[in-house]
Amino acid sequence: MTTFNNLTTIKGLSRERLEYLLRMGREFERQPNRKILDGRIVATLFFEPSTRTRLSFETAALRLGARVIGFSDPAVTSSTKGETLEDTIRMVGNYADVIVMRHYIEGAAERAVKVSPVPIVNAGDGANQHPTQTMLDLYTILQTQGTLENLNIHLVGDLKYGRTVHSLLQAMGHFNPTFTFIAPRELAMPEKYKEYCHEHGIRFTETERFDAATIAEADILYMTRVQRERFADLDEYERVKDVYILNRDMLRDARANMRILHPLPRVNEISTDVDDSPHAYYFQQAKNGLFMRQAILCDALGLTLDDVRA
Ligand code: CP
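A.B. asks: Before we move on, could you go through the site of the ligand and cite the residues and values that matter?
C.D. replies: In the vicinity of the ligand, the contacting residues are S50, T51, R52, T53, R102, H130, Q133, P263 and L264. Residue T51 places a main-chain N or O atom 2.8 Å away from an oxygen atom belonging to the ligand. T53 has a polar side-chain atom sitting 2.6 Å from an oxygen atom of the ligand. When the ligand is considered free in solution it has 260 Å² of accessible area, and contact with the protein chains removes 91% of it. Considered class by class, the residues forming the shell around the ligand number two nonpolar, five polar and two charged.

In structure tokens form, the structure reads like this:
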């Protein structure tokens, strides 16, 4: 029987497993062109829009010698005729060796796992989780700080709907971080994630203040976009959408090692005058998505670090 690994949430991954996947990603940064998935088929099912996640997964597959099927717009699929998610997954599982899926429903990837004959990789499910983004975030933090241990991580912006920050805090919980949650009241970190921090001994403080003095304490300044697509009330979105805008002057007291990350896309929350600051690292961060997604595809299909190195 073929062994494979689903990746639906970051929560169940041990520290050892995170570090193992990061080592595999490092192999692909050294050499991304390895035809070790020759003959495999990767399906990318995107029920929600994406630029980076879908294209980096597809690039990852192609650089590994696999071929890609899928869709970037559910409007062209039989889901418009009423086909259920479960039936769609069963069907695609007949054709592909691994399914990478993004869906607007929280828990969609877990539902897919229940019926899929092939591994499922969650490329984002509603406001819930974005585990592959977290893997590239960890990779980037390690790359820029030389360690994942004992860092001050400021999470800024939409902490209510931003699935990347939910996954990140759970993964970083293995490495003794100190979080500062910076958000307006309407977009504060949900109680269930604060509860998670309490249960796992993860230190955090909360503030609505976003200024040079707050930034001066950070090793990682993790900016997020206000997630317009998750608001039931668009007037509320209009009220909060530009609540925090990082500009270059606000970096005047930043630590030398501090790096600004953002899962992207950005809207207004980082001024373009920050882009050529030595602290800006969000475009390199997105590039790391390729290496980590190569590792995730290989791992999903049961290939090991030794297989990658062979
Ligand atoms: N960070 C991220 O998920 O980007 P996309 O929505 O463009 O895939």
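Having seen the model, we can carry on.
A.B. asks: Tell me about the nonpolar core, and please be specific about residues and values.
C.D. replies: Of all hydrophobic cores here, the largest spans 61 residues; its most connected members are M135, L155, M172, F179, F181 and L297. A per-element tally of this core places helix α10 (residues 282–300) first, with eight residues. The residues contacting L155, other than those within four sequence positions of it, are V165, L168, F179, T180, F181, I182, M189 and Y222. In terms of nonpolar packing, the next biggest core, distinct from the first, is built from 19 residues, V156, I215, M223 and V274 among them.

Thresholds, definitions, all that
Residues numbered from 1 in each chain as written. Predicted model: local features only at pLDDT ≥ 70, side-chain atom pairs only at ≥ 80, totals over all residues. Heavy atoms only, no water. Near = heavy atom within 4 Å. Polar contact = N/O pair within 3.5 Å; in protein donor to acceptor, adjacent residues only side chain to side chain. Areas by Shrake-Rupley, 256 points an atom, 1.4 Å probe, with all protein chains shown as cover. Nonpolar A, V, L, I, M, F, W, Y, C, P; charged D, E, K, R; others polar. Core = buried A, V, L, I, M, F, W, Y, C linked by side-chain atoms within 4.5 Å. Buried < 20%, exposed > 50% of the residue type's maximum accessible area, 1.4 Å probe, protein only. Helix = DSSP H or I, 4+ residues; strand = E, 2+ residues; numbered from the N terminus. Contact = heavy atoms within 4.5 Å.

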